[in-house]
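So you can see what is in the structure, the chains are spelled out below.
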Amino acid sequence: MSFVVLVLAGLIVPLFYRQNIQVAKGIAVFAFGAAAFLIFNGHSLADYLDYFSITPSIKLMEFVLLLTLAAVSLSLTGFERPLISQMLFLSAVSLGLLETNNLFIFIVLFEAVAIISYILVSNIRNYYNAEGAIKAFIAGAVASGIILFGLALFSFVTPSFEYNQIRVEGKFTLIAVAIMLAGIFYKLTIVPMHGWAADAYAQVNHVAAAILSGVIKSVVMLATFNAFHRFLEFYPAMAVIIFSFFAILTMTLANFMALWQKRISKMLAYSSIAHSGYALIPFAAISSKFAYPGILYYAIAYIFMQTAVFLMLNELRVRAGIKYISHLKGLGKRSPLVALLFTIQIFSLAGIPLLAGFMSKAAAFYAGVDAGLWWLVLIALLNSALAVGYYVILIKNIYLDEPEESSTIEISYGALIGQLLLLGGTLYFGIIASNIFTSTMG
Amino acid sequence: MIYEIGSIGNIGVKTLLIAPYLGSVLAYILGKAKRELAFWVAEIVGALLFLASIYLFISFEKPIDITLNWINYGDIHLPFRIYIDHLSIVMLLIATGLGFADIHFAHDYMGDDPDQPRYYAKVLFFIGGMILLVITKDLIGAFIGWEFMGLASYALISFWYYKHSAASAGMQAFLYTRLGDIFILAAIALLYFYAGTIDLIKLNEMANSGELNKTLALVTALFIFMGAIGKSGQFPLYPWLMNAMEGPTTVSALIHGATMVNSGIYIVARLFDFYHYTDALFIVANVAALSAFIGSTSALVQKEIKKILAYSTMSHLSIAFVGLGVGSLAAGMLHLVNHAIFKALLFLSAGAVIYLAHHVKDAWKLGGLWKTAPFVAIFMAMGSLSLAGVPPFSGFFSKEMVVASAWEWGNGFTAIFVTIAALLSIAYITRLWVLIFLGEPRHESEHDHAIHGASTFWMRLPLGILAFVTLAISLFQSDIVHYIVGKEVEEPHVAWLTAFMLSGMAILFAIVVWLYVKKLDLLQKIASHQFMKTIHNILFNGYYMEAMITWISKNIIVNSIARGFRWFDTFVIDWLVNATVPMTRAFYRFFKKGHSGEIGGYIGQMVIGIAIIVIAILTIVKGL
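Residues numbered from 1 in each chain as written. Chains lettered and ligands numbered in written order. Predicted model: local features only at pLDDT ≥ 70, side-chain atom pairs only at ≥ 80, totals over all residues. Heavy atoms only, no water.

1. Section: the overall build of chain A
1) Next: On a plain count of helices and strands, chain A comes out with 18 helices and zero strands.
2) Next: The C-alpha atoms of chain A give 20 Å as radius of gyration, which agrees with the globular expectation for 442 residues (22 Å, within 12%).
3) Next: The C-alpha extent of chain A, read off along each of the three principal axes, is 65 × 50 × 40 Å.
4) Next: Split into buried and exposed, the 442 residues of chain A put 65% on the buried side.
5) Next: Contacts in chain A between residues far apart in sequence, at least 24 positions, make up 82% of those at least 6 positions apart.
6) Next: Split by element, the accessible area of chain A, about 14800 Å² in all, is 69% carbon and sulfur. (Helix = DSSP H or I, 4+ residues; strand = E, 2+ residues; numbered from the N terminus. Rg over C-alpha atoms; globule rule 2.2 N^0.38 Å. Buried < 20%, exposed > 50% of the residue type's maximum accessible area, 1.4 Å probe, protein only. Contact = heavy atoms within 4.5 Å. Areas by Shrake-Rupley, 256 points an atom, 1.4 Å probe, with all protein chains shown as cover.)

2. Overview of the overall build of chain B
1) Next: Per the secondary structure count, chain B includes 27 helices and three strands.
2) Next: For 624 residues, the compact-globule formula gives about 25 Å, and the C-alpha radius of gyration of chain B, at 28 Å, lands near that figure.
3) Next: Expressed along its principal axes, the backbone C-alpha trace of chain B runs to roughly 105 × 60 × 50 Å.
4) Next: Burial status across chain B gives 56% buried among its 624 residues.
5) Next: If you average the places of the 39 positive and of the 38 negative side-chain charges in chain B, the two averages end up 10 Å apart. (Lys, Arg positive; Asp, Glu negative; His and termini not counted. Charge placed at Lys NZ, Arg CZ, Asp CG, Glu CD.)

3. Concerning the interface of chain B and chain A
1) Next: Residue-level contacts link 35 residues of chain B with 51 residues of chain A.
2) Next: Contact with chain A buries surface across chain B, with B:Y73, B:Y588 and B:M606 losing the most and accounting together for 19% of the total.
3) Next: Scanning the region where chain B abuts chain A turns up zero salt bridges.
4) Next: At the boundary of chain B and chain A, one finds four residue pairs in polar contact (both at pLDDT 80 or more).
5) Next: Broken down by secondary-structure element, the contributors of at least two residues to the side of chain B that touches chain A are β2 (64–73), α26 (545–592) and α27 (599–623) of chain B.
6) Next: Sort the elements by how many residues they give to the side of chain B that touches chain A and α27(B) lands first, with 14 residues.
7) Next: In the side of chain B that touches chain A, the residues fall into 23 nonpolar, eight polar and four charged. (Buried area = accessible area lost by both parts, 1.4 Å probe. Salt bridge = Lys/Arg side-chain N within 4 Å of Asp/Glu carboxyl O. Polar contact = N/O pair within 3.5 Å; in protein donor to acceptor, adjacent residues only side chain to side chain. Nonpolar A, V, L, I, M, F, W, Y, C, P; charged D, E, K, R; others polar.)

4. Concerning the nonpolar core
1) Next: Counting 400 residues, the largest nonpolar core has A:F106, A:F185, A:F228, B:Y120 and B:Y275 as its most contacted members.
2) Next: With 21 residues, helix α15 (residues 329–356) of chain B is the single largest residue contributor to this core.
3) Next: When near neighbours in sequence (up to four residues on either side) are disregarded, A:F185 contacts A:I190, A:M193, A:F243, A:F246, A:L280 and B:I613. (Core = buried A, V, L, I, M, F, W, Y, C linked by side-chain atoms within 4.5 Å.)

5. Observations regarding the confidence of the model for chain B
Residue and element names in this part refer to chain B.
1) Next: Overall, the prediction assigns chain B a mean pLDDT of 87, with 96% of residues at 70 or greater.
2) Next: Within chain B, strand β1 (residues 2–3) has the poorest average pLDDT of any element, 47, and helix α4 (residues 116–135) the best, 93.
3) Next: For this predicted complex, the interface score ipTM comes out at 0.85, alongside a pTM of 0.78. (pLDDT = per-residue confidence, 0-100.)

6. Some remarks on the packing of aromatic side chains
Residues and elements named next belong to chain A.
1) Next: This structure, assessed with the given rule, holds 60 aromatic pairs over all chains.
2) Next: A ring pair is formed by F185 and F246, whose centres lie 5.6 Å apart and whose planes are at 65 degrees; its orientation type is edge-to-face. Of this pair, F185 sits in helix α7 (residues 170–188) while F246 is found in helix α10 (residues 236–259), placing the two residues 61 residues apart along the sequence.
3) Next: On the basis of relative accessibility, which here comes to 3%, the residue F185 falls in the buried class.
4) Next: For F246, a relative accessible area of 1% puts it in the buried group. (Phe/Tyr/Trp six-rings, centres within 6.5 Å; stacked < 30°, edge-to-face > 60°.)

7. Digging into α7(A)
All names here are of chain A.
1) Next: Here α7 contains 19 residues, and its C-alpha end-to-end distance of 27 Å stays within 8% of the 27 Å for a straight helix at 1.5 Å per residue.
2) Next: Of all the 19 residues making up α7, 16 are buried; the element is thus mostly covered by neighbouring parts of the structure.
3) Next: Phi for T189, located one or two positions after α7, is positive at around 50 degrees. (Expected span 1.5 Å × (residues − 1).)

8. Observations regarding the confidence of the model for chain A
1) Next: For chain A, the mean per-residue pLDDT works out to 90, and 100% of the residues sit at or above 70.
2) Next: Taken element by element, chain A is modelled with least confidence in helix α18 (residues 434–439) of chain A, mean pLDDT 81, and with most confidence in helix α11 (residues 264–284) of chain A, mean pLDDT 94.

9. Observations concerning the packing of helix α17 (residues 374–388) of chain B against helix α19 (residues 412–437) of chain B
Residue and element names in this part refer to chain B.
1) Next: Following both chains from N to C, one finds α17 and α19 inclined at 165 degrees, their axes separated by 8 Å at the closest point. Regarding the angle of α17 to α19, the classification is roughly antiparallel. Between α17 and α19 the crossing geometry is right-handed. Along the contact surface, α17 presents V376, A377, M380, A381, S384, L387 and A388, while α19 presents A422, S425, I426, Y428, I429, L432, W433, I436 and F437. (Axes fitted to C-alpha atoms, helices over the stretch in contact; angles between N-to-C directions. Parallel < 35°, antiparallel > 145°, perpendicular 65-115°, else oblique. Left-handed = near helix turned anticlockwise from the far one by under 90°.)

10. Describing the pattern of salt bridges
All names here are of chain B.
1) Next: Counted under the stated rule, the structure contains 17 salt bridges over all chains.
2) Next: D199 is paired through a salt bridge with R81; the nearest N and O atoms lie 3.7 Å apart. Pair noted here: D199 is in the loop between α6 (164–195) and α7 (200–209) and R81 is in strand β3 (residues 76–84), with a separation of 118 residues, a long-range link.
3) Next: Linking E246 and K163 is a salt bridge whose minimum nitrogen-to-oxygen distance equals 3.8 Å. Separated by 83 residues along the polypeptide, E246 in the loop between α9 (239–243) and α10 (249–258) and K163 in the loop between α5 (139–157) and α6 bring together distant segments of the chain.
4) Next: When its relative accessible area of 25% is taken as the criterion, E246 is described as partly exposed.
5) Next: A residue is classified by how much of its surface remains accessible, and K163, at 30% relative accessible area, is partly exposed.
6) Next: Overlapping salt bridges, with partners in common, bring together D65, R81, K137, D138 and D199 in one network.

11. What about unusual backbone geometry?
Only a minority of non-glycine residues have a phi that is not negative, and only a minority of peptide bonds are not trans.
1) Next: Between B:F235 and B:P236 the backbone carries a cis peptide bond, its omega angle lying at 0 degrees.
2) Next: By the element assignment, B:P236 lies in the loop between α8 (214–231) and α9.
3) Next: For the bond running from B:P391 to B:P392, omega is 5 degrees, close enough to zero to count as cis.
4) Next: Turning to its location among the elements, B:P392 is positioned in the loop between α17 and α18 (394–409).
5) Next: A positive phi angle is found at A:Y51, which is not glycine, with a value near 65 degrees.
6) Next: Residue position: A:Y51 is located in the loop between α2 (21–40) and α3 (56–74).
7) Next: Positioned with a positive phi, A:L354 is a non-glycine residue whose angle comes to about 75 degrees.
8) Next: Following the sequence through the fold, A:L354 ends up in the loop between α14 (336–350) and α15 (356–370).

12. Considerations on the side chain of A:Q306
All names here are of chain A.
1) Next: With respect to the helices, strands and loops of the structure, Q306 is situated in helix α12 (residues 291–320).
2) Next: On the basis of relative accessible area, Q306 is assigned to the buried category, the value being 0%.
3) Next: Here S213 takes part through its side chain, which lies 3.3 Å from a polar atom of the side chain of Q306.
4) Next: Not counting chain neighbours up to four residues away, the residues in contact with Q306 comprise S213, G214, L268, S271, S272 and L349.

13. Considerations on a positive patch on the surface
1) Next: A cluster of basic residues, A:K262, B:R585, B:R589 and B:K592, forms a positive patch at the surface.
2) Next: Looking at the secondary structure, you find B:R585 in helix α26. (Patch = residues over 30% accessible without salt bridge, like charges linked within 9 Å, V, L, I, M, F, W, Y side chains within 5 Å.)

14. Here's the deal with helix α6 (residues 127–157) of chain A
1) Next: Over its 31 residues, α6(A) extends 46 Å from the first C-alpha to the last, a length consistent with the 45 Å expected when each residue adds 1.5 Å.
2) Next: Two to three positions downstream of the cap, the backbone nitrogen of A:Y128 sits 3.1 Å from a side-chain oxygen, assigning the N-cap of α6(A) to A:N126.

15. Overview of the environment of A:L249
1) Next: With respect to the helices and strands, the residue A:L249 is situated in helix α10.
2) Next: In this structure A:L249 touches A:V191 and A:P192, once residues within four positions along its chain are discounted.

16. Points about the packing of helix α8 (residues 195–203) of chain A against α11(A)
Residues and elements named next belong to chain A.
1) Next: Following both chains from N to C, one finds α8 and α11 inclined at 135 degrees, their axes separated by 8 Å at the closest point. Judged by the inter-axis angle, α8 sits oblique to α11. The chirality of how α8 crosses α11 is right-handed. Counting all contacts with α8, which are made through A197, A198, D199, Y201 and A202, the residues of α11 involved are S265, K266, A269, Y270, S272 and I273.

17. Here's the deal with the side chain of B:Q477
1) Next: Note that B:Q477 resides in helix α22 (residues 477–485).
2) Next: Setting aside residues no more than four positions away along its own chain, B:Q477 makes contact with B:L334, B:N338, B:S394, B:F397 and B:S398.

Listed below in structure tokens is the structure:
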């Protein structure tokens, strides 16, 4: 039912947003709320479709997803209005992606998410937007080809696409799975499949970037784990080698790149790539029973903080023309509330305790240690320390430097409510960890 | 039973846990919009908390024991456990009841302050911390509450942060109490690793059954007592309490008179069986007796109203500690309860006096206020009599009980010192009252034109209620003891003590009144003697403890140890940090080559990535 509600809302919304964006926003928020309510009452795609099933942890992730998208739609301005219906479609597809237990459907829905993301970035206002959109599209097209090639290979060897009937026999299956994963790595922005993301996240409309780098990435992160962990469990040693290699490469390269950026969006793009590196640790630690809680926590924490920083950056850019790190100077004096909201989410990204970012890192790294990968966790910790370097530069500019302009920055009420919702998520999952852990039990 | 957070059954517990923090945020936000709202939010939340405590008191059947799953992950189990028994309820009633009275009183006292939202937000946050301390079952939860209070105390002492003295007093309070807190943290770690539990109730049970290692128990008990020393202003970490009087008087009344400073006594009382099992009580008793003596003698010569009260707080907390130390939980806790009420009354009366006299705090500059503020004078007199230990006020019973227990315990040092401290309280409090209310106004120019009446509803009412309570609860002394301890307590009986105390008090009272009312010139003659001047200086400066601690921290810690670290920091750590700059830039330049911005290059990288994966699998699988 929730799927139908979201799709219908997505179809209805375009009738309204040209005349009155507030009505469109209201419909969207109502649809997200209704979908969440239906999920809470136990409705899911599994009710009337085969190949779908739902667990408490998936339910939690869906709640978080709908909450985040509601927060995003609240903070939209007139320019971004087409995004409303795209987000509704995206959420419907994401529910399917999270709930499916069939690899074929997973790939199909993954492609659907990819296509929606191309439409999201096509909200082009200037040269930079266009460049980012083109890059995202071309890289995505290549990745689609790769994934479909992997799926074709895979279909030769498998009797069934259902997750729990999949058998892994021989090299052929492994290579097919690896090629599919490589294609999905593009969406997860794993080095060296990340080049497009570093540019696209920074260049496309920041709201689209928030959805692309926050929402879609988290959903894909979790869904990919659900789809592929059975393969990896057959060859944990191989998972360790491949995923550790890419994890280390991704986080190290992205952190060094982020450290010397001057543009905020570019820095956040690289920070997002670095976070993908940390998120690979539970994949590498597949033999630990804490791998799933680890990735779940990571996805949930990441969706809040990454979406919030990009949304806030959008507000800052629209209202005050803030693009470069030096523009942030004295933001703490110009607009204390805006600065505080921004700072908390950045602290969460940096992994400061009592915020979701810290607990998610702790959960993911715990899985790594439990699987005996302490060296990987050590490198990840060193990388986290390195990452604090560039997050602190933002904080230093916000609070310690004198403002160059004295005008205050007023953000809209919608954006404020959206930010507060996301802040609530960051704080709640930073302090109260038990919900996520218990949702993965039983 | 294991609950998730958010599914606490008891509505009272829920309110107590959530309302203070919610109220704190609301008071600040709404107060920013409209200043009066801050007070009303605080007043309503204060009343709610008090009602919740009363509800728990009335509906109490058996101790409430709730386990919440805070973090439960792999080998890491951090439950958040709530345990509310009679002791907790008594502490809750004190914290929320006095908190409510204090907020009510602040309506006028803080009425002119432009920063009211900040004030009420901090006060509610403080009450939240105190509640957390007294209702948690684990040391870690109690420690969080303990630190919340420390933070709130720091923030409230330096509430008028633009005054240099207030800012530095806040910092001093924070540092002094932190010194004690470090020991508590160490105790938590020791207990967690060696005893396997940080559950306060279980520690008591283990002590009773003799399971605990005695050395470990002694060390941890002393470490926790170090924290209590810091928080409750005992020897040698007391100077912060006197300087804390820089804060608003309502803050002094609530935090540094009636509630937070009791937390040290509470933690020892909570772990009483544990302390009894170790021999730490001996040390508790002796340190406390020494502190009681220091506090009461120093209070004799102070000039500022609030400093006199601060030293008397120190001395009376020590008396309560002595009660615990000599093995009488009943005596210690009874004195804590009585003291909290009459000390809140005294501090709030002092607040009223200071408010009436337009922030003149020097007792020598006041005088003759009897005529302008008779009600305040009467209420303060009732508080003073209770503090002095004059029957039938409540202070008499508990003080008598502590002193008698001390004599029965049989350690001469403790007994003599605590008796002196108990006797001297009548001297300093009479001196204070006489200086404020009797005689002719001194230094008229400063305040004669400025006195305005106390508002009946906002000021006299809380004072009157507290004065009534301090008298009325003397009827229920044995009930309170029974309620807290849970069994019949044998009253200590020392035949000569009551007569001795009463006659001693009468004599001291007579001397003080005679000197300060009739013979001020004689007093000045005595005081001008060189020997008396020296003694006066020692007492006035609190035995120079602050100077000693400052000397030690300045010369030994800052100038020698910290210098070594600073050298290390400047030449090793900083060098390493600076060395990362060229290193990271080199990496950046190297990696940047791969980020040309051309999509063709990116696609090429993707292909390379796939090649790496496929080749890796081919090589690895062959080996498998």
